[in-house]
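Coordinate analysis (summary)
Now for the letters of each chain:
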Amino acid sequence: MIPTDVERVYDALAETLDIVGAEKSELFLAKLALLLSNELDDAERVLSIIDMARINLDASD
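Residues numbered from 1 in each chain as written. Predicted model: local features only at pLDDT ≥ 70, side-chain atom pairs only at ≥ 80, totals over all residues. Heavy atoms only, no water.

This part is about a negative patch on the surface. Negative charge collects at one region of the surface, where Glu7, Asp11, Glu15 and Asp18 lie side by side. Positionally, Asp11 belongs in helix H1 (residues 3-20). (Patch = residues over 30% accessible without salt bridge, like charges linked within 9 Å, V, L, I, M, F, W, Y side chains within 5 Å. Areas by Shrake-Rupley, 256 points an atom, 1.4 Å probe, with all protein chains shown as cover. Salt bridge = Lys/Arg side-chain N within 4 Å of Asp/Glu carboxyl O. Lys, Arg positive; Asp, Glu negative; His and termini not counted. Charge placed at Lys NZ, Arg CZ, Asp CG, Glu CD. Helix = DSSP H or I, 4+ residues; strand = E, 2+ residues; numbered from the N terminus.)

In structure tokens:
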């Protein structure tokens, strides 16, 4: 994706998180992750991305 695409995705994600609210945000993110994983159709790649996301939670890592 080009930077403008990343920005569009970020904006849509932020807006949707506001709409679903804090009480459903974890459920929404889990559902989104599973749906995107299914689209990727590569379990090893998905597991690698999960590790990358976990590692990069703290900018100091």
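Attention now moves to the pattern of salt bridges. Overall, the coordinates contain 2 salt bridges when judged by the stated rule. Between Arg8 and Asp5 there is a salt bridge, with its nearest N and O atoms 3.4 Å apart. In this pair, Arg8 and Asp5 both sit in helix H1, 3 residues apart, roughly one turn of the helix. You can call Asp5 partly exposed: its relative accessible area is 24%. As a salt-bridge pair, Arg54 and Asp51 come within 3.8 Å of each other at their nearest N and O atoms. With Arg54 and Asp51 both in helix H3 (residues 43-55) and 3 residues apart, the pair spans about one turn of that helix. What makes Arg54 exposed here is its relative accessible area of 52%. Classification of Asp51 by relative accessible area gives partly exposed; the value is 39%. (Buried < 20%, exposed > 50% of the residue type's maximum accessible area, 1.4 Å probe, protein only.)

Here the focus is H1. Across its 18 residues, H1 extends 26 Å between first and last C-alpha, which sits within 8% of the 26 Å expected from 1.5 Å per residue. Downstream of H1 by a residue or two, Gly21 has a phi angle that is positive, lying close to 85°. (Expected span 1.5 Å × (residues − 1).)

At a minimum axis separation of 7 Å, H1 and helix H2 (residues 22-40) run at an interaxial angle of 135°. As summarised for this structure, H1 and H2 are arranged oblique, according to the angle between their axes. With respect to the hand of their crossing, H1 and H2 are arranged in right-handed fashion. Of the residues in H2, those in contact with Leu13, Thr16, Leu17 and Val20 of H1 are Ala22, Glu23, Lys24, Ser25, Phe28, Leu29 and Leu32. Tallied by class, the residues present in the contact of H1 with H2 amount to 7 nonpolar, 2 polar and 2 charged. (Axes fitted to C-alpha atoms, helices over the stretch in contact; angles between N-to-C directions. Parallel < 35°, antiparallel > 145°, perpendicular 65-115°, else oblique. Left-handed = near helix turned anticlockwise from the far one by under 90°. Contact = heavy atoms within 4.5 Å. Nonpolar A, V, L, I, M, F, W, Y, C, P; charged D, E, K, R; others polar.)

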